[in-house]
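Summary of the model geometry
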Amino acid sequence: MESRCPEIQKEEIDDILKDFEGKQFEIIPALQAIQAKYGYVPPVFVKPLAEALRLFPSQVQGVMTFYAQFSMTPRGRNIVRVCRGTACHVRGGRSVLRTANRVLGLGDGETSEDLNFTLETVACLGACALSPVMTINRTYFGLMNPKKAETVLKTI
Amino acid sequence: MDAVAITLNGTPVSGRPGMTILELAREVGVKIPTLCHDPTLKPVGACRICLVEDEKSGKLLPSCVTSISPGMVIQTESSAVIENRKVIVELMLASHPESCLLCEKGNRCRLRSLAAELGIGAVQYYPMPHFSETQEVNPFILRDLSKCILCSKCIRADHELVVTGALDYLHRGFDAKPATTFDGPLESSECTFCGTCVSLCPTGALFERNKPHLGTVSNRTPSVCAYCGCGCNILLETHEDRLISVVPDPQNDLNGKTLCVRGRYGTDYIHHPERLKTPLIRKDGILQEADWDEALDFVAAGLMKCHAANGPDAMAFFGSSKGTNEENYIFQKIARSVFHTNNIDNAGRLHSGPSLEAIPSGTMTGPIRGLENSDVILVAGADPSASHPIVSYAIKRAVRLNGAQLIVLDPRRTELAGFAALWVPIRPGSDSLLIAEILHFAGSSRPATGISDPGGFERRTGCSPGIAEKISAMLRSAKSPGVAYGHGITGQPGAAVSARLLAALARATGAAVYPLDKESNSQGAWDMGCMPDRFPGHLPVEDPENMARFESFWGAHLPGKPGLTATGMILGAEAGTVKSLYVMGENPVRAIPDAPRVASALSRIEFLVVQDLFPTETSKYAHAVLPSCSFAEKNGTFTNIEGRVQRIRRAIPPLHQSRSDLDILCMLSCRLRSPATYRSPDEVLAEISSIVPQYAGIAEGLKRGSVFRPSVSGERPQPAPEAFEGTALPPTAPSKTGEFTLLRGSTLFQYLHGTRSARSSRLSTIQPPGYVEISVSDAAHLAVQEGDTLIIQNDMAEVRKSARISRALPEGVLFCPFSEPDISALFALGHAGEGVVSCSVRLKKSEQ
């Protein structure tokens, strides 16, 4: 996994962190700013960020791993989310996930070698009336079935 | 403020506003079970075991985080409470392995005892055990997180007590666990292995590794740690005359629930196979085993003969900064009253001697815990994280929890530098110049710096003059500043001047002074008169009044002129004027710089007596070696760096044929026709309290716990006023190209010269000997890789060490622990405070 991480220069790190010097309570905006730039939070940021915020590296890691929105490994350009909530489950959400697994060749939480896709499961996407639901990046695909899902996934 | 009245289990009780239900219940003697609560940690309400019922609303409240409010009606044992507690414990047990029979925690496990109290046998839930994969190789702590109940005590202890930050939660929900950064083993994290988390863990998730006995111990003896001068209160856990483990004594206001790795895990040296088993006397040129009577007769005869032949000035006595007050008192009493000599000193001379000239009796002017409430702290030439860890915890708590500003003057980037608002990487040896400049900006007189050219200050100290002004302003604006200094000051040339400058700076800014330069009982050794110019109680020997006082008290004729210091004795031995040396519990060959020269001086001594636990570099030259016992095998008192007198207690009988230093001295004194015979250390203490002013009434006070001396006035000593007219600053040697500055210091795992810590198998496993640290840039410049052999040389010697590359060092500086015995050959033997910690060397890489 490390080999896929791009080299990050010290100047780049300092450039992002300079706005957060000493601001402990802005740890989440800081993590978001890093993730916005790289698509994930590269592990090399943990110690410098902790130092800038006057926190311990373990505390930064604790916050980062608590929230599902942050990832410490590179993620794909396209994030596919399949809902595994109750409403989607009773209407066949599991078969949609299996389709996604097969078409993308990825397990839950995995990212493709070419960094094109990341597949994730979520507990609810807030669109139960359209269940089963899948999202690709910010687009919702409702009333899915395996066939429709396969078509959608193959068109991106 | 008005008391808050509530009803607790039907009884009206009242508490202070802001109190939690749990605190009030404990105060009035109502038991509420807890798992995640500890009075020294911030309550978080994680485990929910402490639920109580509010009768009015019928709600269940976590009592550890719920404040009392007027009119509350609380039930702690209602059926709803019991039912819920059972469910919580059962849920915990459902994800807990069924390994209680094998668990090291045994019947001390809080979870197990709680389940037993609630009558939970089989659990009705489907078991979902956690699996633990963390692999540790450190010799101190093992983690089995399958037993973790997520009480977060370890995390809070780490963040709030020792402020290290090795642990925090990782992930959330069922996957959550306390973990290091990147979930690696403890040894690759910031963990210092202080063991605080292990002491607090309610289950068997964290436990001590390599314990000689896994079952329940039979005895726990309260005592005091014998490594550094903090004097942490400990419990010695023993089983069948063997020391099993050391844990913090819960009843103390000094170290609380914390210890450091040395005190917690470094006492296994006591059972080291090299312990001296019988007395040894030199017959026909070789040291041979003898029984006590024979050995003591031999020692007495040898001392008397030497005294009769060469007079009192040829006798010298080397007291111990690790021995008890009682032992040091009797030792100097024998030297002065039987052999009529003031040639008595202790090994603390080289490190804490300079403080005696700066602060009355060299003692801290505030308690260690006072640092926690300081708002600006200056740490000069000290690395308390390694030398006095409890002090570093207090400083880090002040910074992280109370928002204090920390200033660190140190060429090395020490752990504290990472917490500092201002870290000044000063050039080694230029401290006094910078401190004088800070003092100048604080509006005090200072010695002439002798700098005329504009860039001179910056060139010599490596920092801009503005820094001094800034530090001075920070200290002056502080409400309760603190100034700490350590071996980096007291071991540099001109240490006495630097220490006095710091004391003057403290006085000018109203700061408390914290000298961090002492071993377990260095303070006691000074107080007991183990120094050549002062009687017990720091009373000058030249004052006829003092002399008359001690002459009448001891019933002996006493010498009136000051004697030789520790290094003076070695120089005397070299010159042939010191014929007999008696060393109690010290190892001068390691303690005094230039080991080969010290060894050759000792080899010239006609009658050398050594009392020690182990055979040492010094005992090789001895004519008699008497086996003494460790602190865990004897009774007595220690005086810590704060001036707090505390009892050490015997937890196991002396091993083999060893005896306490006091026993040995008493048995010897009978043979020296000395009238002094004591049946116990308490009788010696009684004598001390009747003659040493600061120790008056100490025995009475010790019945209630520890006592701050001086107890006569009840006041803490203040730094003596000093003027610096005509005082010259020590010269800062200009660095020559190609020369490195070699610094020496204590490390966390090897305390000082390592006579004891190097024999702790656990401490030596984590820090194997034989290395020197080199900076990243010097390593790159010399193409040195980690582990390469370096040749360090100067005009005195050549030493080979394996390289360890350190990010904490600046260019041109090397660092080596004191515990490397051969490195001492590079340092010059001089008087106190003349370059014990730094010297100039040349460096090259070995090509083999």
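Here is what the cut-offs are and how they apply
- Residues numbered from 1 in each chain as written.
- Chains lettered and ligands numbered in written order.
- Predicted model: local features only at pLDDT ≥ 70, side-chain atom pairs only at ≥ 80, totals over all residues.
- Heavy atoms only, no water.
- Helix = DSSP H or I, 4+ residues; strand = E, 2+ residues; numbered from the N terminus.
- Contact = heavy atoms within 4.5 Å.
- Areas by Shrake-Rupley, 256 points an atom, 1.4 Å probe, with all protein chains shown as cover.
- Lys, Arg positive; Asp, Glu negative; His and termini not counted.
- Charge placed at Lys NZ, Arg CZ, Asp CG, Glu CD.
- Buried < 20%, exposed > 50% of the residue type's maximum accessible area, 1.4 Å probe, protein only.
- Pairing = 2+ DSSP bridges.
- Axes fitted to C-alpha atoms, helices over the stretch in contact; angles between N-to-C directions.
- Buried area = accessible area lost by both parts, 1.4 Å probe.
- Salt bridge = Lys/Arg side-chain N within 4 Å of Asp/Glu carboxyl O.
- Polar contact = N/O pair within 3.5 Å; in protein donor to acceptor, adjacent residues only side chain to side chain.
- Nonpolar A, V, L, I, M, F, W, Y, C, P; charged D, E, K, R; others polar.
- Domains from an automatic or database assignment.
- Core = buried A, V, L, I, M, F, W, Y, C linked by side-chain atoms within 4.5 Å.
- Patch = residues over 30% accessible without salt bridge, like charges linked within 9 Å, V, L, I, M, F, W, Y side chains within 5 Å.
- Phe/Tyr/Trp six-rings, centres within 6.5 Å; stacked < 30°, edge-to-face > 60°.
- Lys NZ or Arg CZ within 6 Å of the ring centre and 35° of its normal.
- pLDDT = per-residue confidence, 0-100.

**Observations regarding the overall build of chain A**
Across its full length, chain A carries seven helices and four strands. When the elements of chain A are put in sequence order from the N terminus, they spell out α-α-α-α-β-α-α-β-β-β-α. Dimensions along the principal axes, computed over C-alpha positions, put chain A at roughly 50 × 30 × 20 Å. A separation threshold of at least 6 residues defines the contact pool for chain A, and within that pool the share at least 24 residues apart is 62%. A total of about 8,400 Å² of accessible surface is found on chain A, and carbon and sulfur atoms cover 54% of it. Considering chain A, the positive charge centre built from 19 side chains and the negative charge centre built from 16 side chains are found 13 Å apart.

**Remarks on helix α23 (residues 681–691) of chain B**
Taken as a whole, α23 of chain B has its buried residues at P681, V684, L685, E687, I688, S689 and I691 of chain B. Summarising the contacts, the buried residues of α23 of chain B are in contact with α8 (325–338), α18 (544–554), β27 (636–639), β28 (644–648), α22 (661–671) and α24 (698–702) of chain B.

**Thoughts on the sheet that holds strand β31 (residues 771–775) of chain B**
All names here are of chain B. Taken in spatial order, the six strands of this closed barrel run β30-β34-β31-β33-β32-β35, and their pairing is mixed. The average angle at which neighbouring strand axes cross in this sheet is 45°, direction not considered. Of the strand pairs in this sheet, strand β30 (residues 739–745) and strand β34 (residues 813–817) are connected by five bridges, and their pairing is parallel. By the bridge assignment, L742 is partnered in β34 with L814.

**A word on the interface of chain B and chain A**
Accessible area lost during the coming together of the parts is what is often quoted as the interface size. Across the contact, 20 residues belong to chain B and 15 residues belong to chain A. Of the roughly 1,300 Å² buried between chain B and chain A, counting both surfaces, carbon and sulfur atoms make up 56%. In terms of surface lost to chain A, no three residues of chain B exceed R172, F182 and R400 of chain B, which account for 42% of the buried area on that side. On the surface where chain B and chain A come into contact, there are zero salt bridges. Scanning the region where chain B abuts chain A turns up nine residue pairs in polar contact (both at pLDDT 80 or more). By residue number, the principal contributor to the side of chain B that touches chain A is strand β7 (residues 168–170) of chain B, which donates three residues. The class makeup of the residues in the side of chain B that touches chain A is eight nonpolar, six polar and six charged.

**A few points about unusual backbone geometry**
Between S131 of chain A and P132 of chain A the backbone carries a cis peptide bond, its omega angle lying at -5°. By secondary structure assignment, the location of P132 of chain A is in the loop between β2 (117–122) and β3 (134–136). Here the phi dihedral of R54 of chain A falls at roughly 60°; this positive angle occurs in a residue that is not glycine. On the secondary structure map, R54 of chain A appears in the loop between α3 (46–53) and α4 (57–66). In this structure, D284 of chain B is a non-glycine residue whose phi angle is positive, near 50°. Relative to the helices and strands, D284 of chain B resides in the loop between β13 (280–283) and β14 (286–289).

**Concerning the sheet that holds strand β19 (residues 422–424) of chain B**
Residue and element names in this part refer to chain B. Overall, parallel pairing links the five strands, which are arranged β19-β18-β17-β20-β21 in an open sheet. The open sheet is flanked by β19 and β21 (512–516), the only strands paired with a single partner. Recorded for the sheet is a direction-independent mean angle of 15° between the axes of neighbouring strands. Helix α11 (residues 389–400) contacts β17 (376–380), β18 (405–409) and β21 of the sheet and is inclined by roughly 140° relative to β17. On top of the sheet, helix α14 (residues 465–477) reaches β17, β18 and β19; it is set at about 140° to β19, its chief contact.

**Digging into the domain arrangement of chain A**
Along its sequence, chain A is carved into domain 1 (10–66) and domain 2 (78–154). Centre-to-centre separation of domain 1 of chain A and domain 2 of chain A, based on C-alpha positions: 30 Å.

**Re the nonpolar core**
The nonpolar side chains of a soluble globular protein tend to be buried, and buried together. Residues and elements named next belong to chain B. In this structure, I368, V379, V391, L406, L581 and F631 are the most contacted members of the largest nonpolar core, which totals 104 residues. Broken down by element, this core gets its largest block of residues, seven residues, from α11. Ignoring sequence-local partners within four residues, the contact set of V379 consists of P384, I395, L406, I407, V408, L409, L416 and A484.

**Notes on the pairing of strand β15 (residues 315–319) of chain B**
Residue and element names in this part refer to chain B. The element β15 is largely enclosed, with a buried count of five among its five residues. Of the two faces of β15, the one lined by M315, F317 and G319 and the one lined by A316 and F318 are each fully buried. Relative to strand β16 (residues 344–346), β15 runs parallel, the two sharing three bridges. Pairing of F317 across the sheet is with I344, part of β16.

**Describing the pairing of strand β25 (residues 607–612) of chain B**
Residues and elements named next belong to chain B. Across the six residues of β25, six count as buried, placing the element largely inside the fold. Residues F607, V609 and Q611 point to one face of β25 and L608, V610 and D612 to the other, with burial holding for every one of them. In terms of strand pairing, strand β24 (residues 580–584) meets β25 through five bridges, oriented parallel. Residue pairing for β25: Y582 is matched across the bridge by V609.

**Quick notes on the pattern of salt bridges**
When charged atoms on two side chains of opposite charge get close, those side chains can pair. All names here are of chain B. Counted by the stated rule, this structure contains 50 salt bridges over all chains. Here D144 makes a salt bridge to K147, at a shortest N to O gap of 3.6 Å. According to the relative accessible area criterion, K147 is buried, its value standing at 8%. The partner of E586 in a salt bridge is K322, with the nearest N and O atoms 2.8 Å apart. Placement of the pair is E586 in the loop between β24 and α20 (588–591) and K322 in the loop between β15 and α8, with a sequence separation of 264 residues. A relative accessible area of 3% places E586 in the buried class.

**Brief notes about helix α9 (residues 349–356) of chain B**
α9 of chain B sits mainly inside the fold: seven of its eight residues count as buried. Along α9 of chain B, the residues classified as buried are R349, L350, H351, S352, G353, P354 and S355 of chain B.

**A look at a nonpolar patch on the surface**
Residue and element names in this part refer to chain B. Side chains of Y126, M128 and F174 sit close together on the surface and give an oily, nonpolar patch of about 390 Å² of accessible area. With respect to the helices and strands, F174 occurs in the loop between β7 and β8 (177–179). Residue classification places F174 among the partly exposed positions, given a relative accessible area of 43%.

**Details of the packing of aromatic side chains**
Across all of its chains, the model carries 19 aromatic pairs over all chains by this definition. Centroid distance F66 of chain A to Y67 of chain A: 5.0 Å. Interplanar angle 80°. Geometry classified as edge-to-face. Given a relative accessible area of 32%, Y67 of chain A falls into the partly exposed group. Taking the centre distance of 6.4 Å and the plane angle of 90° together, the rings of Y67 of chain A and F70 of chain A count as edge-to-face. Each member of the aromatic cluster is reached from another via a ring pair, and the members are F140, F193, Y265 and F749 of chain B. Over the face of the ring belonging to F827 of chain B we find R744 of chain B, whose NZ or CZ atom lies 4.4 Å from the ring centre.

**Some remarks on the confidence of the model for chain B**
Keep in mind that low pLDDT regions are not for reading the predicted coordinates in detail. All names here are of chain B. Summing up the model confidence of chain B, the mean pLDDT is 91 and the portion of residues at 70 or higher is 96%. Counting contacts from residues 711–716, a segment whose pLDDT is below 50, to residues more than four positions away or on other chains yields 13 contacts. With pTM at 0.93, the complex prediction returns an ipTM value of 0.89.

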